[in-house]
Amino acid sequence: MALPRRLALVTAPRPGEGFGSWTDRMAWLNRCSPGVMADLLGLELRGSSPEVRPRVCGVRADDGVRRAVCAATGVAGGAVDRMHLAVFDPGPLSAAAVLSVGETAARASAGREWVEVSGSRACPRCLLASGGVWQLWWKLSCAGVCPVHGVVLLDRCPSCGCVLRWGGTRPRVLPVAWSRPPTVCASSVGGRPCPQWLPLARVRPASASVGEFQRRWLEIAYGRGRPAVGGVEVSAAEWFAAFRACVLLLRLGLPGVLGRLHGVPGWCGQALLEERAERGPYGRRFGWGPASASAAAAFLIVVMPLLEAADARELSGRVRPLARAAIEAGCFGARPLARLEVPEVFARAVTSHAPARRWVKTPW
Ligand SMILES: [Zn+2]
Ligand SMILES: [Zn+2]
């Protein structure tokens, strides 16, 4: 494969930036469309149609991508890797699973791996301050709140209603016909780019405590924290399995579980109920990640203090409302947590609340 020619204008990737964000900013700097920039970077995303329609891009860089990007821009392989979702593996996602699902499913992996490969959430204030740098973690389904600005992330464009960066009525197509300012929605609506300037989008403030939960969640996601469940040190993969298990237990126990939770703000219960309408409990999307930034924030508020319990006894006490509500709803029979490899300390905390009768099964 011939390597691409060196581009005259290059902007360096910023800390935490996603690959699609950087290539968009490269395109904007070079006054071309994202589709043309993908060609100039040698990404080879074009298939049989003239459109640039990447099936999965930005998940894991291979040698070809690293070499081509380095030849075109001088950006080193390590920096390219850091812009790909694989930095969250193992932890909130498995890159191999994202790639395998992405080959077949229309919405690559939003279900199984709790990540939006093509679309993203966003903090309008971060976009304003950075001139349009999109953080990689905004693609994770558990992204709810900006810890820097203390606001709930934006799910959709307030003007056209499309999921941000998803592409609008021509989903997952990198525009070839128009350039895309990094701070503008630019989803395709009726064949034209949506002109909404995203830093102007109205944001909802979030409490300092949920911002702090999101910050600690991210530390573990980036492999920087020392994850623990009920005072027992666990691997990042186990920690996220326990986090997911709590999300599923919460969904199973709605709405009854809300009466058992103490100190949870009213909007939080509302967000969980609205989320349930979209995600389950019996629908196909029951096991998907949080459906909105508000739902993600609500799950953080309930689940983080639970996992951060000081010891196994405290963990058992905090798991109790979730486990009891799910058991009373008769939901354990279908083994709703079957695929989750949770740490032993968490499994014991949940099963300790199942009454010792033969017909009450464990959720695994
Ligand atoms: Zn922000
Ligand atoms: Zn829009």
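Residues numbered from 1 in each chain as written. Chains lettered and ligands numbered in written order. Predicted model: local features only at pLDDT ≥ 70, side-chain atom pairs only at ≥ 80, totals over all residues. Heavy atoms only, no water.

### A closer look at the domain arrangement of the chain
Okay, step 1: Domain assignment breaks the chain into domain 1 (19-200) and domain 2 (226-351).
Okay, step 2: Contact with domain 1, which involves 18 residues of that partner, is made by 20 residues of domain 2.
Okay, step 3: For the domain 1 and domain 2 pair, buried surface summed over both sides reaches about 1400 Å², with 64% attributable to carbon and sulfur atoms.
Okay, step 4: Contact with domain 2 buries area across many residues of domain 1, yet Arg-112, Trp-114 and Cys-142 alone supply 36% of it, more than any other trio.
Okay, step 5: On the surface where domain 1 and domain 2 come into contact, there are zero salt bridges.
Okay, step 6: Scanning the region where domain 1 abuts domain 2 turns up three residue pairs in polar contact (both at pLDDT 80 or more).
Okay, step 7: Considered class by class, the residues forming the side of domain 1 that touches domain 2 number nine nonpolar, four polar and five charged. (Domains from an automatic or database assignment. Contact = heavy atoms within 4.5 Å. Buried area = accessible area lost by both parts, 1.4 Å probe. Salt bridge = Lys/Arg side-chain N within 4 Å of Asp/Glu carboxyl O. Polar contact = N/O pair within 3.5 Å; in protein donor to acceptor, adjacent residues only side chain to side chain. Nonpolar A, V, L, I, M, F, W, Y, C, P; charged D, E, K, R; others polar.)

### With respect to the coordination of the zinc ion (ligand 1)
In an ideal tetrahedron of four donors about a metal, each angle is 109.5 degrees. In an ideal octahedron of six donors, the angles are 90 or 180 degrees.
Okay, step 1: Taken together, the protein donors to the zinc ion (ligand 1) comprise Cys-123 (SG), Cys-126 (SG), Cys-146 (SG) and His-149 (ND1), at separations of 2.1 to 2.3 Å.
Okay, step 2: Classification of the site at the zinc ion (ligand 1) rests on its four donor atoms, whose angles at the metal span 104 to 114°, yielding the label tetrahedral. (Donors = N, O, S within 2.8 Å, 3.2 Å for Na, K, Ca; no water. Tetrahedral: all angles 85-135°; square planar, octahedral: opposite > 155°, others 65-115°.)

### Things to note about the coordination of the zinc ion (ligand 2)
Okay, step 1: The coordination sphere of the zinc ion (ligand 2), as far as protein atoms go, consists of Cys-157 (SG), Cys-160 (SG), Cys-185 (SG) and Cys-194 (SG), spread over 2.3 Å.
Okay, step 2: Angles of 105 to 115° at the metal separate the four donor atoms of the zinc ion (ligand 2), which places the site in the tetrahedral class.
Okay, step 3: The sequence pattern formed by the donor residues of the zinc ion (ligand 2) is C-x2-C-x24-C-x8-C. As far as the burial class goes, Cys-185 and Cys-194 line up, both buried. (Buried < 20%, exposed > 50% of the residue type's maximum accessible area, 1.4 Å probe, protein only.)

### Observations regarding a nonpolar patch on the surface
Okay, step 1: A surface patch of nonpolar side chains, amounting to about 180 Å² of accessible area, comprises Val-36, Leu-40 and Val-176.
Okay, step 2: Looking at the secondary structure, you find Val-176 in the loop between strand 2 (151-152) and strand 3 (188-189). (Patch = residues over 30% accessible without salt bridge, like charges linked within 9 Å, V, L, I, M, F, W, Y side chains within 5 Å. Areas by Shrake-Rupley, 256 points an atom, 1.4 Å probe, with all protein chains shown as cover. Helix = DSSP H or I, 4+ residues; strand = E, 2+ residues; numbered from the N terminus.)

### Comments concerning the packing of helix 8 (residues 236-253) against helix 12 (residues 312-328)
Okay, step 1: Contact pair helix 8 / helix 12: the axes reach a minimum separation of 8 Å and the direction vectors enclose 50°. Here helix 8 lies oblique to helix 12, going by the angle between them. Regarding helix 8 and helix 12, the two cross each other, and that crossing is left-handed. On helix 12, the residues touching Cys-246, Leu-249, Leu-250, Leu-252 and Gly-253 of helix 8 are Leu-322, Ala-325 and Ala-326.
Okay, step 2: Taken together, the residues that form the contact of helix 8 with helix 12 break down as seven nonpolar, one polar and no charged. (Axes fitted to C-alpha atoms, helices over the stretch in contact; angles between N-to-C directions. Parallel < 35°, antiparallel > 145°, perpendicular 65-115°, else oblique. Left-handed = near helix turned anticlockwise from the far one by under 90°.)

### Some words on the pattern of salt bridges
Okay, step 1: Within this structure, the stated rule accounts for 15 salt bridges.
Okay, step 2: Of the charged contacts in the structure, one is a salt bridge between Asp-155 and Arg-121, with a shortest N-O distance of 2.9 Å. Of this pair, Asp-155 sits in the loop between strand 2 and strand 3 while Arg-121 sits in the loop between helix 5 (95-102) and helix 6 (124-130), placing them 34 residues apart in sequence.
Okay, step 3: Note on Arg-121: relative accessible area 9%, which makes it buried.
Okay, step 4: In this structure, the salt-bridge partner of Glu-314 is Arg-318, at a minimum N-O distance of 2.4 Å. With Glu-314 and Arg-318 both in helix 12 and four residues apart, this pair spans about one turn of that helix.
Okay, step 5: Residue classification places Arg-318 among the partly exposed positions, given a relative accessible area of 34%.
Okay, step 6: Salt bridges linked by common partners bring Glu-212, Arg-215, Arg-216 and Glu-308 together as one network.

### Quick notes on the side chain of Arg-165
Okay, step 1: Tracing the chain through its elements places Arg-165 in the loop between strand 2 and strand 3.
Okay, step 2: Polar side-chain contacts of Arg-165 include one of 3.3 Å to the backbone oxygen of Pro-182.
Okay, step 3: Within polar-contact distance, the side chain of Arg-165 engages the backbone oxygen of Cys-185 at 2.9 Å.
Okay, step 4: When sequence neighbours within four positions are dropped, the list of residues in contact with Arg-165 reads Asp-24, Ser-118, Gly-119, Trp-134, Arg-180, Pro-181, Pro-182, Val-184 and Cys-185.

### Description of helix 11 (residues 293-307)
Okay, step 1: In this model helix 11 runs 20 Å from its N-terminal to its C-terminal C-alpha over 15 residues, within 8% of the 21 Å that 1.5 Å per residue would give.
Okay, step 2: Helix 11 sits mainly inside the fold: 14 of its 15 residues count as buried. (Expected span 1.5 Å × (residues − 1).)

### A closer look at the side chain of His-84
Okay, step 1: Within the secondary structure, His-84 sits in the loop between helix 4 (77-82) and helix 5.
Okay, step 2: Relative accessible area serves as the criterion here: at 3%, His-84 is assigned to the buried category.
Okay, step 3: In this structure the side chain of His-84 is engaged in a polar contact, spanning 2.8 Å, whose partner is the backbone oxygen of Val-80.
Okay, step 4: Dropping the residues within four chain positions of it, His-84 is found in contact with Phe-19, Gly-58, Val-59, Arg-60, Ala-61 and Leu-136.

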